[in-house]
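# Structural description and commentary
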Amino acid sequence: MCNNQESTSSRLVILIVTLIVALVVVPLVAAQLKATVTKTSSLLPASAGTSPFTVLLNSLRASVGDTIFMKTEIYLHEGVNYFSMGEDEEHGEGHSHEHENLMEGKGVSFEDMNTSHSDANTTTSEAMTTGMDQPQADHRDTLAHEDVEHMHTVIPKANDDFRSFIGVLERKVKPWREEHIEEHGKGIELIPWYRVATLADPHNVRCYIIGAWWLASADGKGRIKEAENFIREGIKNNPNDFQLRIMLGELLERQKLDKEAISEFRKGFEAALQIRPENGILGKNWTTYEESDFMTAAHMMVLLTRDTETTEAAIQLGEKLAQQVPDLLSLRRILTKLKSASK
Amino acid sequence: MSGSQDTARYYPAIILAKAVIKQSIRQKEFQLILILMILLLGTGLIAPAILKNEGAQTHFFFVNFGLSFAFFCAQFLTLLAAARQYPQEFEQRTILPLMSKPISRNEYILGKWLGTTLLGIIAILLLVPLWLISNTITLHIDNDIAMFFQMIALQCLAIASISALAILGSLFMPFALNLGVVAILVFKGQAIGQFISNFFDGKLPSDATQWISNYFPVFRYFDLSNLYSMGEPPIGLSDCLLRLLYGLLWIAIPMAFAMFGFKRKAL
């Protein structure tokens, strides 16, 4: 009897100890282990920890995201996935500009997103439109024109087609664009697809940005909060991407949350500064889009500081930024305007 | 002979473990291992020769592929064997004559756990060297040997944890449900923890969500196959001991609950 009681009480003690260990020690050890493993992983090459299975599955996910993105692009471009040439050359060029505009600033035209600050000599939208240095803008136009001229098309251009009348026939018969869906071009219908694309590939930054842009422009101000949440999710999944930060800044600025917007622009600016080539030289990894976004962050920080604080504070901030990035001529132009306005 | 009799007298759990291994070898799971061995050996010998690319990526891919595959098979085999032990004996009523022998309930649980753990370890010891030998012939592997032993030791720990979890589950759940639940915990435990952490994000303080997510086992901590495949040196002593402690906790806690639960279970 006594033995039974002892046995029961010792069992109870063991159970309590086990429960305490399970509830307290396990999470503590797990947390410590997580910290240690993270620390160890940070010392390894970037490819470490990515098993071939992960790589294969990730590339599949990325492919799904990219395919959806391409489909949305085709839809936005009225169902045409290649540009017409010859008789439709003019359209093709326009199309290219449209595409370029869409893609400006990570697939989003910031001009459309800006709110004018009426009490200012220099508006934020001016900052966007005048944001790019003139030589760079000219260079971009030239590049766009050259792109169209040298673009490889599915159906060869008349002056580049050896097939004579067969080529002419094909150009006549093959539809360059589908007229019945010409009215498309609104991306609101595509919002669910951007959602799916980002679910498939949470690192598809373009889909986050364009999706958020369409959300924000969907029903006036009603869905800006949704757009903000969408972008915040993007930032959570891609904490190092500066373009998402800038987009979030834009959305906050539209909600008149200027202080928070400045903070996001600053984070975006600083993140961009880490990867921006010296003097902002354009290349494969730093295109006009990235440069444009970088400039946007700098301009918006200065202009919003002027709006929320004083022109002097904005000039002070602008000069500090200009010291950090001496080659940003557009910022100097804004500074000159601000200085002349403050006199 | 005398030594064997002593063992039988003092460690009925070991006898039970031997019975579990013998029984499992007679079943189809073990035959599956033999087929996998042939497949691995064949793939290990032929595939690198066909691809004719001895670059670092190919090397990494093949070593990692075989190891991941071998570990997965061993873990799944252990899970399958451990999850079916108690329900099978209970359904067939073979547990009654077994428990009528001089074997305590704790020893029964211990024996079942030991048997299924050893089965998983045997699977690892058959599959992994076979893969590495076939790869060494074709790819000339000379990765760190100390890292190899660390990797195998931690995998054995993972096998023991899986066995303990499956045995605990089998006392309270039907076979299929137990198999599903433990498989999710083992292969997706980290994802569940992350999901819960994200779900409560903003609703609870972040420390609290992190704490909750840590209740789910992360078997990735036992898997050093990526580091080994990359030719990395062994992990540090403190890191290794921490992983060891984590593994032991995930063995001890389910086993303690299983023993406690089985003591109170009506047969």
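Just so we're clear, the structure is a prediction, and the values are computed from it rather than from any experiment.

What counts and what doesn't
Residues numbered from 1 in each chain as written. Chains lettered and ligands numbered in written order. Predicted model: local features only at pLDDT ≥ 70, side-chain atom pairs only at ≥ 80, totals over all residues. Helix = DSSP H or I, 4+ residues; strand = E, 2+ residues; numbered from the N terminus. Buried ≥ 20, exposed ≤ 12 C-beta atoms within 10 Å, placed from the backbone. Contact = placed C-beta atoms within 7 Å. Axes fitted to C-alpha atoms, helices over the stretch in contact; angles between N-to-C directions. Left-handed = near helix turned anticlockwise from the far one by under 90°. Nonpolar A, V, L, I, M, F, W, Y, C, P; charged D, E, K, R; others polar. pLDDT = per-residue confidence, 0-100. Parallel < 35°, antiparallel > 145°, perpendicular 65-115°, else oblique. Core = buried A, V, L, I, M, F, W, Y, C linked by C-beta atoms within 7 Å.

## Focus on the overall build of chain A
From N to C terminus, chain A includes 15 helices and 0 strands. Counting only residues that meet the buried cut, chain A has 30% of its 343 residues in that class. Excluding contacts between residues fewer than 6 apart, the proportion of contacts in chain A whose partners are at least 24 apart in sequence is 61%.

## Structural notes on the overall build of chain B
Within chain B one finds 11 helices and 0 strands. Walking chain B from its N terminus toward its C terminus, one meets helices and strands in the order α-α-α-α-α-α-α-α-α-α-α. Counting only contacts in chain B whose residues sit at least 6 apart along the sequence, the fraction spanning at least 24 positions is 86%.

## Overview of the interface of chain B and chain A
Facing the 25 residues of chain B at the interface are 23 residues of chain A. Only helix 4 (56–91), helix 9 (206–213), helix 10 (225–229) and helix 11 (237–263) of chain B provide two or more residues apiece to the side of chain B that touches chain A. For the side of chain B that touches chain A, the element with the most residues is helix 11 of chain B, which contributes 10 residues.

## Some thoughts on the environment of A:Phe230
When you line up the elements, A:Phe230 lands in helix 10 (residues 224–237). Beyond its immediate chain neighbours, meaning those up to four positions away, A:Phe230 contacts A:Tyr208, A:Gly211, A:Ala212 and A:Leu215.

## Describing the packing of helix 7 (residues 145–172) of chain B against helix 8 (residues 175–199) of chain B
All names here are of chain B. Direction vectors running N to C along helix 7 and helix 8 enclose 145 degrees, while the axes themselves pass 9 Å from each other. Between helix 7 and helix 8 lies a crossing whose hand is right-handed. In this structure, helix 7 contributes Ile162, Leu165, Ala166, Gly169 and Ser170 to the contact, and helix 8 contributes Asn178, Val181, Val182, Leu185 and Val186. Residues of the contact of helix 7 with helix 8, tallied by class, amount to 7 nonpolar, 3 polar and no charged.

## Describing the confidence of the model for chain A
Residue and element names in this part refer to chain A. Residue-level pLDDT values for chain A average 72, and 64% of them are 70 or greater. Model confidence for chain A, summarised as mean pLDDT per element, is weakest for helix 4 (residues 110–113) at 36 and strongest for helix 11 (residues 242–254) at 92. Overall, residues 82–145 carries pLDDT values under 50, and its contacts beyond four positions in sequence, including any with other chains, amount to 104 contacts. Predicted confidence for residues 178–182 stays below pLDDT 50, and this span has 4 contacts to residues more than four positions away or in other chains.

## A word on the packing of helix 12 (residues 258–275) of chain A against helix 13 (residues 288–308) of chain A
Residue and element names in this part refer to chain A. Close contact between helix 12 and helix 13 brings their axes to 9 Å; oriented N to C, the two are set at 150 degrees. By the angle between their axes, helix 12 is roughly antiparallel relative to helix 13. Seen along the crossing, helix 12 lies across helix 13 with a hand that is left-handed. Residues Asp258, Lys259, Ala261, Ile262, Phe265, Arg266, Gly268, Phe269 and Ala272 of helix 12 touch helix 13, and the partners they reach there are Phe294, Ala297, Ala298, Met300, Met301, Leu304, Thr305, Asp307 and Thr308. Split by residue class, the contact of helix 12 with helix 13 holds 11 nonpolar, 3 polar and 4 charged.

## Structural notes on the nonpolar core
Residues B:Ala70, B:Ala74, B:Leu127, B:Ala164 and B:Ile167 are the most contacted members of the largest nonpolar core, which totals 74 residues. Examining the composition of this core, we find that 16 residues originate from one element, helix 4 of chain B, more than from any other. Counting 49 residues, the second-largest nonpolar core is a separate cluster that includes A:Phe69, A:Cys207, A:Phe230 and A:Leu252.

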